[in-house]
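One letter stands for each residue in the lines below.
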Amino acid sequence: MDTKIGSLDTYKPPCSDLACPANGAVCTIQGSSVSPTSIVNPTESTLGSHIARRLVQVGVTDVFSVPGDFNLTLLDHLIAEPGLNLIGCCNELNAGYAADGYARSRGVGACVVTFTVGGLSVLNAIAGAYSENLPLICIVGGPNSNDYGTNRILHHTIGLSDFSQELRCFQTVTCFQAVVNNLEDAHEMIDTAISTSLKESKPVYISISCNLPAIPHPTFSREPVPFSLSPKLSNQMGLEAAVEAAADFLNKAVKPVLVGGPKLRVAHASDAFVELADACGYALAVMPSAKGMVPEHHPHFIGTYWGAVSTAFCAEIVESADAYLFAGPIFNDYSSVGYSLLLKKEKAIILNPDRVVIANGPAFGCILMKDFLKALSKRLKRNTTAYDNYHRIYVPDGLPLKSAPKEPLRVNVLFQHIQKMLSSETAVIAETGDSWFNCQKLKLPKDCGYEFQMQYGSIGWSVGATLGYAQAVPEKRVIACIGDGSFQVTAQDVSTMLRCGQKTIIFLINNGGYTIEVEIHDGPYNVIKNWNYTGLVDAIHNGEGKCWTAKVFCEEELIEAIATATGPKKDCFCFIEVIAHKDDTSKELLEWGSRVSAANSRPPNPQ
């Protein structure tokens with residue numbers, strides 16, 4: 001994909017959301033509100049003001065940060081940008097997680113930290129965003145430009161005169177790195193970094209020397225012209241050959257199915273995938289990490305395909321099919337339930353964002369997934385056999401046993417009530433752990449958001465991600481389902497949610513430990529110190545902002561708490577601590593845990 005920076009014409013997109021990043025290709029991102037020939041006030045023609053304007057231009061209106069002496073001047077310039085809201089987080093890890101959550105909704109996110117102590121702290125969150133193919137701009141305030149190459153030792157480093165340690169760490173988890181320690185090429189380096197993040201849908205690293213942000217320079221004297229990212233193009237001959245081969249393969253099948261994977265997001269192909277499903281009539285499923293990317297109200301939707309822990313009757317239909325098309329899958333040990341999927345390569349068409357592989361036969365490169373899906377939808381014969389079979393054998397899910405009065409609350413009862421809360425005005429954030437499995441079973445209404453981090457699976461991700469996601473879509477009420485062990489990792493930024501006036505509902509499931517680890521391999525290390533979680537949030541609230549907390553032990557108290565959170569306290573941040581038995585888990589986690597444990601404990605192959 002070519003990058004053109006400096007289009008002659010400005011352009012305003014129909015929305016500020018990165019040209020509708022969920023499904024649309026990125027062309028021009030956001031137009032400048034002034035003529036590209038406008039001269040910026042010389043006192044404002046600085047590196048700091050330039051990067052602030054660039055962030056606003058690509059759709060970032062909130063930047064998550066932690067101050068440090070190397071980034072303070074840069075933060076001054078970000079604050080001075082009228083279109084930018086600087087959100088201070090409690091630590092760098094949460095700032096990175098927040099930028100991750102923001103990028104999932106807005107299409108791009110950004111965070112700003114200080115050199116090394118901040119950079120290495122945010123690194124884990126950046127790695128998670130890399131694994132999930134999220135455009136994220138990580139900006140680090142770096143050493144004074146005069147200190148490079150002087151053999152000096154600086155604070156916030158490991159005590160060596162070599163300042164490259166942070167850069168070397170970021171090289172493996174970002175797709176581009178820019179160390180800006182002079183003004184002459186700063187403009188080009190910053191623009192290249194941002195455009196590369198958008199093109200590759202991966203994080204980038206930008207280090208800016210602490211003495212540069214406030215200095216004017218001629219290259220910043222004009223208002224930035226809109227980025228114009230030329231869209232990738234499919235090889236037309238290859239596309240036609242791939243579509244012909246795939247259509248021939250699928251049209252010969254008796255009961256083919258479609259399965260959506262998580263790379264639908266990076267390929268901007270969700271709409272094209274649904275268009276194909278509409279045209280061909282195949283049964284339609286999603287992999288667990290693609291939940292929310294395909295509308296679950298689609299008439300041929302059959303649920304989540306997750307091997308032995310799939311939603312009811314979904315695995316039986318997928319694995320018994322004589323042909324299946326997987327659009328953007330990731331097959332790892334978690335998504336394959338310890339490598340136990342009953343799939344055969346000779347039955348599969350595998351689509352990656354720019355590549356098509358048909359069974360054991362040909363592979364076609366330089367083909368965009370969305371172009372392939374749209375073209376294929378015009379070539380397939382309609383075949384509803386697999387969906388008809390599903391409809392024939394499907395038995396509606398049973399309801400949880402009715403709770404006796406004041407009976408200790410069961411987790412399956414909790415999620416029965418969470419299901420009733422969902423609408424087009426809500427979004428669900430599921431933390432790593434049993435919430436993965438319980439939230440997978442939620443049936444998402446049209447336009448209900450859903451996010452979780454499956455590939456990286458970093459516990460504690462959801463607190464920061466909830467902060468960022470809610471900040472990106474204030475019109476939605478975010479419902480976060482978080483285990484007590486995960487919450488202890490990143491709890492501090494409930495403070496930032498309150499300071500931002502967010503109206504999120506957090507269900508804190510307190511069962512006294514790391515339940516997902518218990519089901520993989522138990523030991524005393526999975527038991528954690530119990531906290532008074534509602535008391536903690538009340539202390540963080542400290543009378544500033546709108547906050548309401550409740551601790552529930554039974555279904556009656558849960559019903560009352562939900563009624564309050566969605567009624568009188570609907571404009572408040574609501575924190576509901578749910579007390580659950582330590583062994584109260586979904587049946588899917590029990591099955592999944594045993595299979596992952598078996599995969600982890602395989603003996604070495606004989607040498």
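Thresholds, definitions, all that
- Residues numbered from 1 in each chain as written.
- Predicted model: local features only at pLDDT ≥ 70, side-chain atom pairs only at ≥ 80, totals over all residues.
- Heavy atoms only, no water.
- Helix = DSSP H or I, 4+ residues; strand = E, 2+ residues; numbered from the N terminus.
- Rg over C-alpha atoms; globule rule 2.2 N^0.38 Å.
- Buried < 20%, exposed > 50% of the residue type's maximum accessible area, 1.4 Å probe, protein only.
- Contact = heavy atoms within 4.5 Å.
- Areas by Shrake-Rupley, 256 points an atom, 1.4 Å probe, with all protein chains shown as cover.
- Lys, Arg positive; Asp, Glu negative; His and termini not counted.
- Charge placed at Lys NZ, Arg CZ, Asp CG, Glu CD.
- Phe/Tyr/Trp six-rings, centres within 6.5 Å; stacked < 30°, edge-to-face > 60°.
- Lys NZ or Arg CZ within 6 Å of the ring centre and 35° of its normal.
- UniProt positions renumbered as here; feature names shortened; annotations may be inferred.
- Polar contact = N/O pair within 3.5 Å; in protein donor to acceptor, adjacent residues only side chain to side chain.
- Expected span 1.5 Å × (residues − 1).
- Arc of directions from axis to C-beta.
- Pairing = 2+ DSSP bridges.
- pLDDT = per-residue confidence, 0-100.
- Axes fitted to C-alpha atoms, helices over the stretch in contact; angles between N-to-C directions.

(A) Geometry of the overall build of the protein chain. A tally of regular secondary structure across the protein chain gives 20 helices and 21 strands. Over its C-alpha atoms the protein chain spans a radius of gyration of 25 Å, differing by no more than 12% from the 25 Å that the globule rule assigns to 607 residues. C-alpha extents for the protein chain along the principal axes are approximately 70 × 65 × 60 Å. Going through the 607 residues of the protein chain one by one, you find that 57% of them count as buried. Here the analysis covers contacts within the protein chain between residues at least 6 apart in sequence; of these, 76% occur between residues at least 24 apart. With an accessible surface of roughly 24,300 Å², the protein chain has 54% of that area assigned to carbon and sulfur atoms. Between the averaged position of the 48 positive side-chain charges in the protein chain and that of its 60 negative side-chain charges there is a distance of 6 Å.

(B) Inspection of the packing of aromatic side chains at higher detail. Evaluated as defined, the whole model comprises 22 aromatic pairs. Ring centres 6.5 Å apart and planes at 80° place the aromatic pair Phe 115 and Phe 163 in the edge-to-face group. In this pair, Phe 115 is assigned in the loop between β4 (109-114) and α4 (119-131) and Phe 163 in the loop between β5 (136-142) and α5 (165-170), connecting sequence segments 48 residues apart. Here the two residues Phe 115 and Phe 163 agree in accessibility, since each one is buried. Their ring planes at 75° and their centres at 5.6 Å tell us that Tyr 148 and Phe 163 sit as a pair that is edge-to-face. Of this pair, Tyr 148 sits in the loop between β5 and α5 while Phe 163 sits in the loop between β5 and α5, placing them 15 residues apart in sequence. Accessibility expressed as a relative area gives 9% for Phe 163, which makes it buried. Each residue in the set Trp 306, Tyr 334, Trp 436, Phe 437, Tyr 450, Phe 452 and Trp 592 is aromatic and connected to the rest through ring pairs, giving one cluster. The positively charged end of Lys 202 is found above the aromatic ring belonging to Tyr 130, 3.9 Å away from the centroid. The ring centre of Tyr 450 lies 5.4 Å from the NZ or CZ of Lys 291, which sits over that ring.

(C) Just unusual backbone geometry, in detail. Even without being a glycine, Asn 133 presents a positive backbone phi close to 60°. By secondary structure assignment, the location of Asn 133 is in the loop between α4 and β5. We classify Asn 133 as buried; its relative accessible area is 14%. Notably, His 268 is not glycine yet its phi reads approximately 50°, a positive angle. Locating His 268 in the fold gives a position in the loop between β9 (257-260) and α8 (270-280). Here His 268 falls in the buried class, since its relative accessible area comes to 18%.

(D) Structural detail: the UniProt feature "binding site: Mg(2+)" (unreviewed entry) in the protein chain. Under the UniProt annotation, "binding site: Mg(2+)" (unreviewed entry) lies at Asp 484, Asn 511 and Gly 513. On the basis of their most widely separated C-alpha atoms, the annotated residues across 30 residues gather in one place, lying no more than 7.0 Å apart. Along the polypeptide, Asn 511 turns up in the loop between β19 (505-510) and α17 (515-520). You can call Asn 511 buried: its relative accessible area is 11%. Contact partners of Asn 511, with chain neighbours within four places excluded, come to Asp 484, Ala 580, His 581 and Lys 582. With respect to the helices and strands, the residue Gly 513 is situated in the loop between β19 and α17. Sequence-distant contacts of Gly 513, that is, excluding residues within four places in its chain, are made with Asp 484, Gly 485, Asn 526 and Ile 528.

(E) Geometry of the side chain of Thr 46. Examined against the element boundaries, Thr 46 turns out to sit in the loop between β1 (3-5) and α1 (47-57). There is a polar contact of 3.4 Å between the side chain of Thr 46 and the backbone oxygen of Pro 213. If sequence neighbours within four positions are ignored, Thr 46 has contacts with His 77, Pro 213, Ala 214, Ile 215, Pro 216 and Phe 220.

(F) Layout of helix α20 (residues 587-600). Between its terminal C-alpha atoms α20 stretches 20 Å, which fits the 20 Å expected from 14 residues at 1.5 Å a residue. Among the residues of α20, those classed as buried are Glu 588, Leu 589, Trp 592, Gly 593, Val 596 and Ala 599. Projected onto a plane normal to the axis of α20, the buried residues spread over an arc of 125° and lie on a single side.

(G) Highlighting the pairing of strand β10 (residues 283-286). In β10, alternate side chains face the same way, and those of Ala 283 and Ala 285 on one face and Leu 284 and Val 286 on the other are all buried. Sheet topology places β9 next to β10; 4 bridges connect them, and they run parallel. By the bridge assignment, Val 259 is partnered in β10 with Ala 285. For β10 and strand β11 (residues 301-304), the ladder comprises 3 bridges, and the chain directions are parallel. Paired with Ala 285 across the bridge in β11 is Gly 303.

(H) Quick peek at the side chain of Glu 588. By secondary structure assignment, the location of Glu 588 is in helix α20. Only 2.9 Å separates the side chain of Glu 588 from the side chain of Lys 441, close enough to count as a polar contact.

(I) A look at the confidence of the model for the protein chain. Per-residue pLDDT for the protein chain averages 90, and the proportion of residues at 70 or more is 91%. Predicted confidence for residues 1-38 stays below pLDDT 50, and this span has 101 contacts to residues more than four positions away or in other chains.

(J) Region of the structure containing the sheet that holds strand β7 (residues 203-209). An order of β3-β2-β4-β5-β7-β6 is seen for the 6 strands of this open sheet, with the pairing classed as parallel. Every other strand in the sheet has two partners, leaving β3 (85-88) and β6 (177-180) as the edge strands with one partner each. Strand after strand, the sheet turns through a mean of 20° between neighbouring axes, direction not considered. Sitting on the sheet, helix α14 (residues 461-472) is in contact with β2 (62-65) and β3, with an inclination near 160° to β2.

(K) Highlighting the sheet that holds strand β17 (residues 449-452). Taken in spatial order, the 6 strands of this open sheet run β17-β16-β18-β19-β21-β20, and their pairing is parallel. Unpaired on one side and paired on the other, β17 and β20 (547-552) mark the two borders of the sheet. With direction set aside, neighbouring strand axes in the sheet form an average angle of 15°. Sheet topology note: the strand β18 (residues 477-483)/β19 ladder contains 5 bridges and is parallel. Note on β19: the bridge partner recorded for Ala 480 is Ile 506.

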